[in-house]
Amino acid sequence: DAGVTQSPTHLIKTRGQQVTLRCSPKSGHDTVSWYQQALGQGPQFIFQYYEEEERQRGNFPDRFSGHQFPNYSSELNVNALLLGDSALYLCASSGASGAYEQYFGPGTRLTVT
Amino acid sequence: SQKIEQNSEALNIQEGKTATLTCNYTNYSPAYLQWYRQDPGRGPVFLLLIRENEKEKRKERLKVTFDTTLKQSLFHITASQPADSATYLCAPPRDDKIIFGKGTRLHILP
């Protein structure tokens, strides 16, 4: 049983560009959450998707958007990249309750230069 | 404002001793609280969930307490081992969102 997978593993982008990160949830999970983790900080909640809709959102600007597909996989898009967007982006999946035990993927390390 | 504070950025404990990590939250009352472990360069791994009506929860060498009056959770690792070295994150949810503290880096010294 595959756990949560994320792609790519690493990514280098230039300021002002756009990026798309991908996540496949653990088998049987239908809720996907995205987090941004800066060095030395805890993960910061970006948003959560359930039934292809954004169910909850953290304190992130509209440059951060997402999508969930019918197979429950998800994408995180970030437009107009800033240097401060450099971080580890984590995807987590969970059951329908959404807010309980979460299974995290290995993350995508995004570097903005 | 609502805050989550974990007692220290780093904690050094001698192998075999009990490590105790603290998580304090302010200005809200979560119905439950989770603890996660994170190794460098990897995603967090769920360890334990404790609900507001549970004072204590155990799993093998791990023990978590939840004091809703003090707004505090304690996380204990007994008989600590070097393999327990990692960052430990507490996560008391707010408005159904999992909100993480900064974490405590635990070093178990052989």
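Residues numbered from 1 in each chain as written. Chains lettered and ligands numbered in written order. Predicted model: local features only at pLDDT ≥ 70, side-chain atom pairs only at ≥ 80, totals over all residues. Heavy atoms only, no water.

S.K.: For this particular structure, what's the right way to read the sheet that holds strand β8 (residues 74-78) of chain A?
M.R.: Strands pair in a sheet through their backbones, by hydrogen bonds, and they do so in one of two ways: parallel or antiparallel. Residues and elements named next belong to chain A. Pairing within the open sheet is antiparallel, and its four strands lie in the order β1-β3-β8-β7. Of all strands in the sheet, those bounded by a partner on one side alone are β1 (5-7) and β7 (64-68). Strand-to-strand, the axes of this sheet are offset by a mean angle of 20 degrees, without reference to chain direction. Alignment of β7 against β8, held across five bridges, turns out to be antiparallel. Each bridged residue has a counterpart across the sheet, and for His 67 the counterpart in β8 is Glu 75. (Pairing = 2+ DSSP bridges. Helix = DSSP H or I, 4+ residues; strand = E, 2+ residues; numbered from the N terminus. Axes fitted to C-alpha atoms, helices over the stretch in contact; angles between N-to-C directions.)

S.K.: Explain the sheet that holds strand β2 (residues 10-14) of chain B to me, please; I cannot follow it from the model alone.
M.R.: All names here are of chain B. The five strands are arranged β2-β10-β9-β4-β5 in an open sheet whose pairing can be described as mixed. On the outer flanks of this sheet lie β2 and β5 (45-51), each paired with one strand and no other. Ignoring which end each strand starts from, the neighbouring axes of this sheet average 25 degrees apart. Here strand β4 (residues 32-38) pairs with β5 via six bridges, running antiparallel. Of the residues in β5, the one forming a bridge with Arg 37 is Val 45.

S.K.: Hey, could you run me through the state of the cysteines in this one?
M.R.: By definition, a disulfide links two cysteine residues through a covalent bond between their sulfur atoms. Tallying each qualifying case throughout the model produces two disulfides over all chains. Here Cys 23 of chain A connects covalently by a disulfide to Cys 91 of chain A, the sulfurs 1.8 Å from one another. Looking down the S-S bond of the Cys 23 of chain A and Cys 91 of chain A bridge, the torsion is -55 degrees, so its handedness is left-handed. One end of the pair, Cys 23 of chain A, is in strand β3 (residues 19-24); the other, Cys 91 of chain A, is in strand β9 (residues 87-94), with 68 residues separating them in the sequence. When its relative accessible area of 0% is taken as the criterion, Cys 91 of chain A is described as buried. Between the sulfur atoms of Cys 23 of chain B and its disulfide partner Cys 90 of chain B the distance amounts to 2.0 Å. Disulfide Cys 23 of chain B to Cys 90 of chain B: torsion about the S-S bond roughly 55 degrees, handedness right-handed. (Disulfide = S-S within 2.5 Å. Buried < 20%, exposed > 50% of the residue type's maximum accessible area, 1.4 Å probe, protein only.)

S.K.: Just to check I follow, could you spell out the interface of chain B and chain A for this structure?
M.R.: Accessible area lost on assembly of the parts is the figure often given for the size of an interface. The interface of chain B with chain A comprises 20 residues on the first partner and 18 residues on the second. The contact between chain B and chain A buries some 1500 Å² in all, and 54% of this surface belongs to carbon and sulfur atoms. By the criterion of area lost to chain A, the three top residues of chain B are Lys 97, Phe 100 and Lys 102 of chain B, representing 30% of everything that side buries. Where chain B meets chain A, there are zero salt bridges. (Contact = heavy atoms within 4.5 Å. Buried area = accessible area lost by both parts, 1.4 Å probe. Salt bridge = Lys/Arg side-chain N within 4 Å of Asp/Glu carboxyl O.)

S.K.: I would appreciate a short explanation of the packing of aromatic side chains in the present structure.
M.R.: To describe a pair of aromatic rings, one takes the distance between the centres and the angle between the planes. With the rule as written, the count across this model stands at 13 aromatic pairs over all chains. Summarising the aromatic geometry, the rings of Phe 104 of chain A and Phe 100 of chain B are spaced 5.9 Å apart at their centres and angled 70 degrees between planes, so their arrangement reads as edge-to-face. With Phe 104 of chain A in strand β10 (residues 103-104) and Phe 100 of chain B in the loop between β9 (86-91) and β10 (104-109), this pair bridges two chains. The same class applies to Phe 104 of chain A and to Phe 100 of chain B, which are both buried. For the ring pair Tyr 36 of chain B and Phe 100 of chain B, a centre distance of 5.3 Å and an interplane angle of 65 degrees mean the geometry is edge-to-face. Residue Tyr 36 of chain B is found in strand β4, and its partner Phe 100 of chain B is found in the loop between β9 and β10; the two are separated by 64 residues along the sequence. In this pair, the class of Tyr 36 of chain B matches that of Phe 100 of chain B, namely buried. Members of the aromatic cluster, connected to one another through ring pairs, are Tyr 35, Phe 45 and Phe 104 of chain A together with Tyr 36, Phe 46 and Phe 100 of chain B. In this structure, Lys 26 of chain A packs its charged tip against the face of Tyr 103 of chain A, placed 5.1 Å from the ring centre. Its guanidinium or amino end placed over the ring of Tyr 28 of chain B, Arg 94 of chain B lies 5.6 Å from that ring's centre, counting from NZ or CZ. (Phe/Tyr/Trp six-rings, centres within 6.5 Å; stacked < 30°, edge-to-face > 60°. Lys NZ or Arg CZ within 6 Å of the ring centre and 35° of its normal.)

S.K.: I'm lost on the layout of surface pockets in this one. Help?
M.R.: Gaps between atoms show up when a probe of the same size as a water molecule is rolled over them. Here the largest pocket is characterised by a volume of approximately 560 Å³. Lining the largest pocket are 27 residues, and of these Gly 40 and Gln 41 of chain A together with Thr 87, Lys 102 and Arg 105 of chain B lie nearest its centre. Of all elements in the fold, only β1 (3-6), β9 and β10 of chain B reach the threshold of two or more residues within the lining of the largest pocket. Across the lining of the largest pocket, the residue classes break down as eight nonpolar, twelve polar and seven charged. Size it by volume and the second largest pocket reaches roughly 260 Å³. Of the residues contributing to the lining of the second largest pocket, the split by class is six nonpolar, four polar and four charged. (1 Å grid on protein atoms, 1.4 Å probe; cavity = no way out; pocket = protein on both sides within 12 Å on 5 of 7 lines; lining within 4 Å. Points joined across faces, edges and corners; volume = space filled by probe spheres on them. Nonpolar A, V, L, I, M, F, W, Y, C, P; charged D, E, K, R; others polar.)

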